[in-house]
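What follows is each chain in one-letter form.
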Amino acid sequence: MKVLVTGAAGFIGYGLGRRLLDQGHQVLGIDNLNDYYDVELKKSRLALLNDRDGFQFQRLDLADRKGMEDLFVSHSFDCVVNLAAQAGVRYSIENPASYVDANLVGFGNILEGCRHSKVGHLVYASSSSVYGLNTNMPFSVRHNVDHPISLYAASKKANELMAHTYSYLYNLPCTGLRFFTVYGPWGRPDMALFLFTKAILNNEPIKVFNNGDMKRDFTYIDDIVEGVIRVMEKIPEPDPDWSSDNPNPSSSRVPYKIYNIGNNQPVALMEFVEAIETALGQEALKEYLPLQPGDVPATYADVNDLITDTGFKPSTPVKQGVQRFVDWYKGYYEA
Ligand SMILES: NC(=O)c1ccc[n+]([C@@H]2O[C@H](COP(=O)([O-])OP(=O)(O)OC[C@H]3O[C@@H](n4cnc5c(N)ncnc54)[C@H](O)[C@@H]3O)[C@@H](O)[C@H]2O)c1
C-alpha cells in the first residue's frame, strides 16, 4: 500500500511509520515540525524514518489548503492515517487558535483531499477526551459524547462528525480511533510519564494533579500502533443493524466506524508514579495540586468492538511499558 501518515515526526506517527515500513509499505510522511514541544526530538524521530527505504517526507502544514491540494494531486494514496493535530488538553485552554487551525481547518483539508483523490480508507486520531463529563465506565463508543470539557476534546468530536458527513456524501470510508493516554519510548515531553521521569532524575518535585486521585487507561505505544494497523486493514462498511430510530453513535448506514483503543485496565495515578519510581530506583518529590481545567478524573476504555472486528486487544502491563520508557529515556538523554 501507499500510505499517507500525517504527523509522522510525532510520537504515534513515528511509531506507525516504522511499523508500516517494516511491513514493506510505502509511506509518505508529512509534518509541520512545530515547536509545541522539543523540535529536536521530532527531528530525531524523522531522521530514523528518513534512513529507511520506502519513506518520503514533506514538511507541510495541514492548514495550508493549497499545499494539501497539491499533495493529493501529486500522489495517489490507498490509505490516509491522520495523526497530525494540536494535541494536549491543558494547552487548549491557553492557545485555542492552534486547535482551530490544525484540528478543524487542517482536518477539513484532509477530508477534501481524500474525497477528490478517492482514497480507499481514512483512519484518523480522535481521543478519549471526547467522553468529557461522562462517568459511565468503561467508556463505550456506543455512549453519547456530546459533553466535551476542552476545546481539544470538542475538536476531536468535531472530526468524528465531519468524517461522518464525508462518508455519507462521498462514500469515503472513515474510521475514527479514540486513543487512551498513550505512553512509551519516544513519547511526548508534555505528558506525565516524560515530565515525571525528567523531574525525578533532576530531583525536582512532580506535579500531582487532583491530589493524586486520578485514573488513566494508560496504553502502550506498540499496542496503539498494532491497533491502528489492524484497523487500517478493516475498511468499514455500512452497518446492516444500524437504525435511524435508535442510532448507534459508533457506526452508520454509511461506511463509518469509531473504535476505542485503550488498555481496558485503568491504573491509579499514584500506582503509575510508583512504577516510574521503581523503574528509576528513585523516589519522587511530590507537589499535590487541584484538578486542572479541562482534565477529567478518570478514563477507562471499552474495547469490545475493537476485539470483535480486529481480534486485537491491547495488553502491555504498565510496569513493563514504563520500564521500557525509562530505559529509552536514559539512553536517549544519556541521563
Ligand atoms: N498521545 C496520546 O496520549 C493521545 C491520546 C489521544 C489522542 N491522541 C491523538 O493522536 C494523534 C497523535 O498524537 P501524538 O501523541 O503522536 O502527538 P504529537 O504531538 O507527538 O504528534 C503530532 C505531530 O503532528 C504535527 N502537527 C501538529 N499540527 C500540525 C499541522 N497543522 N500540520 C502538520 N503537522 C502538524 C506535530 O509537529 C507533531 O509532530 C493526535 O491527533 C493526538 O491528538 C494522542
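Let me sum up the structure you'll find in this document. In this text, all values refer to a predicted model and were calculated from it rather than measured experimentally. (Residues numbered from 1 in each chain as written. Predicted model: local features only at pLDDT ≥ 70, side-chain atom pairs only at ≥ 80, totals over all residues. Heavy atoms only, no water.)

## Here we look at the overall build of the chain
Next up, step 1: When its secondary structure is counted, the chain shows eleven helices and 13 strands.
Next up, step 2: In summary, the chain has a C-alpha radius of gyration of 19 Å against a globular reference of 20 Å for 335 residues, a match within 12%.
Next up, step 3: Each principal axis of the C-alpha distribution contributes one length, and for the chain these read about 55 × 50 × 40 Å.
Next up, step 4: A burial count over the chain gives 54% of its 335 residues as buried.
Next up, step 5: In the chain, the proportion of contacts linking residues at least 24 apart, taken out of those at least 6 apart, comes to 81%.
Next up, step 6: Surface exposure of the chain reaches about 14,500 Å², of which carbon and sulfur atoms provide 48%.
Next up, step 7: Distance from the positive charge centre (31 side chains) to the negative charge centre (40 side chains) of the chain: 1 Å. (Helix = DSSP H or I, 4+ residues; strand = E, 2+ residues; numbered from the N terminus. Rg over C-alpha atoms; globule rule 2.2 N^0.38 Å. Buried < 20%, exposed > 50% of the residue type's maximum accessible area, 1.4 Å probe, protein only. Contact = heavy atoms within 4.5 Å. Areas by Shrake-Rupley, 256 points an atom, 1.4 Å probe, with all protein chains shown as cover. Lys, Arg positive; Asp, Glu negative; His and termini not counted. Charge placed at Lys NZ, Arg CZ, Asp CG, Glu CD.)

## Observations concerning the pattern of salt bridges
Next up, step 1: Applying the stated criterion to the full structure yields twelve salt bridges.
Next up, step 2: Linking aspartate 70 and lysine 66 is a salt bridge whose minimum nitrogen-to-oxygen distance equals 3.0 Å. Residue aspartate 70 and its partner lysine 66 are both found in helix H3 (residues 65–74); the two are separated by four residues, about one turn of the helix.
Next up, step 3: Lysine 257 is the salt-bridge partner of aspartate 305, the closest N and O atoms lying 2.9 Å from each other. Within this pair, whereas aspartate 305 is found in helix H10 (residues 304–310), its partner lysine 257 is found in strand S11 (residues 256–261), the two being separated by 48 residues in sequence.
Next up, step 4: Residue lysine 257 is classed as buried on the basis of its relative accessible area of 10%. (Salt bridge = Lys/Arg side-chain N within 4 Å of Asp/Glu carboxyl O.)

## With respect to the layout of surface pockets
Next up, step 1: Estimated volume of the second largest pocket: approximately 300 Å³.
Next up, step 2: Taken together, 16 residues form the lining of the second largest pocket, with Glu237, Asp239, Ser251, Lys257 and Asp309 sitting closest to its centre.
Next up, step 3: Only S11 and H10 provide two or more residues apiece to the lining of the second largest pocket.
Next up, step 4: Of the residues assigned to the lining of the second largest pocket, the class counts are six nonpolar, three polar and seven charged. (1 Å grid on protein atoms, 1.4 Å probe; cavity = no way out; pocket = protein on both sides within 12 Å on 5 of 7 lines; lining within 4 Å. Points joined across faces, edges and corners; volume = space filled by probe spheres on them. Nonpolar A, V, L, I, M, F, W, Y, C, P; charged D, E, K, R; others polar.)

## Side note on the packing of helix H1 (residues 11–22) against helix H8 (residues 221–232)
Next up, step 1: The interhelical angle for the contact between H1 and H8, taken along N-to-C directions, is 60°, at an axis separation of 9 Å. As summarised for this structure, H1 and H8 are arranged oblique, according to the angle between their axes. In this structure, the crossing between H1 and H8 has a hand that is right-handed. Where H1 approaches H8, its residues Phe11, Ile12, Gly15, Leu16, Arg19 and Leu20 are matched on the opposing element by Ile221, Ile224, Val225, Glu226, Val228, Ile229 and Met232.
Next up, step 2: Among the residues making up the contact of H1 with H8, the classes are represented as ten nonpolar, one polar and two charged. (Axes fitted to C-alpha atoms, helices over the stretch in contact; angles between N-to-C directions. Parallel < 35°, antiparallel > 145°, perpendicular 65-115°, else oblique. Left-handed = near helix turned anticlockwise from the far one by under 90°.)

## A look at the side chain of serine 150
Next up, step 1: Tracing the sequence through the fold places serine 150 in the loop between strand S5 (121–127) and helix H6 (151–170).
Next up, step 2: Its relative accessible area of 8% is what places serine 150 among the buried residues.
Next up, step 3: Only 3.1 Å separates the side chain of serine 150 from the backbone nitrogen of alanine 153, close enough to count as a polar contact.
Next up, step 4: Beyond its immediate stretch of four places on either side in the chain, serine 150 contacts Val89, Ser92 and Gly294. (Polar contact = N/O pair within 3.5 Å; in protein donor to acceptor, adjacent residues only side chain to side chain.)

## Thoughts on the site of the ligand
Next up, step 1: Residues in close proximity to the ligand total 29 residues, the closest being Asp31, Tyr37, Tyr152, Lys156 and Val182.
Next up, step 2: The side chain of lysine 42 places a nitrogen or oxygen atom 2.9 Å from an oxygen atom of the ligand.
Next up, step 3: When isolated, the ligand has an accessible area of 810 Å², and the protein chains bury 97% of it.
Next up, step 4: Listing elements by their share of the shell around the ligand, those giving two or more residues are H1, S5 and H6. (Near = heavy atom within 4 Å.)

## A few points about unusual backbone geometry
Next up, step 1: Along the chain, methionine 137 connects to proline 138 via a cis peptide bond; the corresponding omega equals -5°.
Next up, step 2: Here proline 138 shows up in the loop between S5 and H6.
Next up, step 3: You will see that asparagine 203, though not glycine, has its phi angle at about 55°, which is positive.
Next up, step 4: The topology assignment puts asparagine 203 in the loop between helix H7 (192–201) and strand S8 (206–208).
Next up, step 5: Classification of asparagine 203 by relative accessible area gives exposed; the value is 55%.
Next up, step 6: Located in the positive-phi region is glutamate 334, a residue other than glycine, with phi close to 45°.
Next up, step 7: Among the secondary structure elements, glutamate 334 is positioned in the segment after helix H11 (318–332).
Next up, step 8: The exposure class assigned to glutamate 334 is exposed, which follows from its relative accessible area of 71%.

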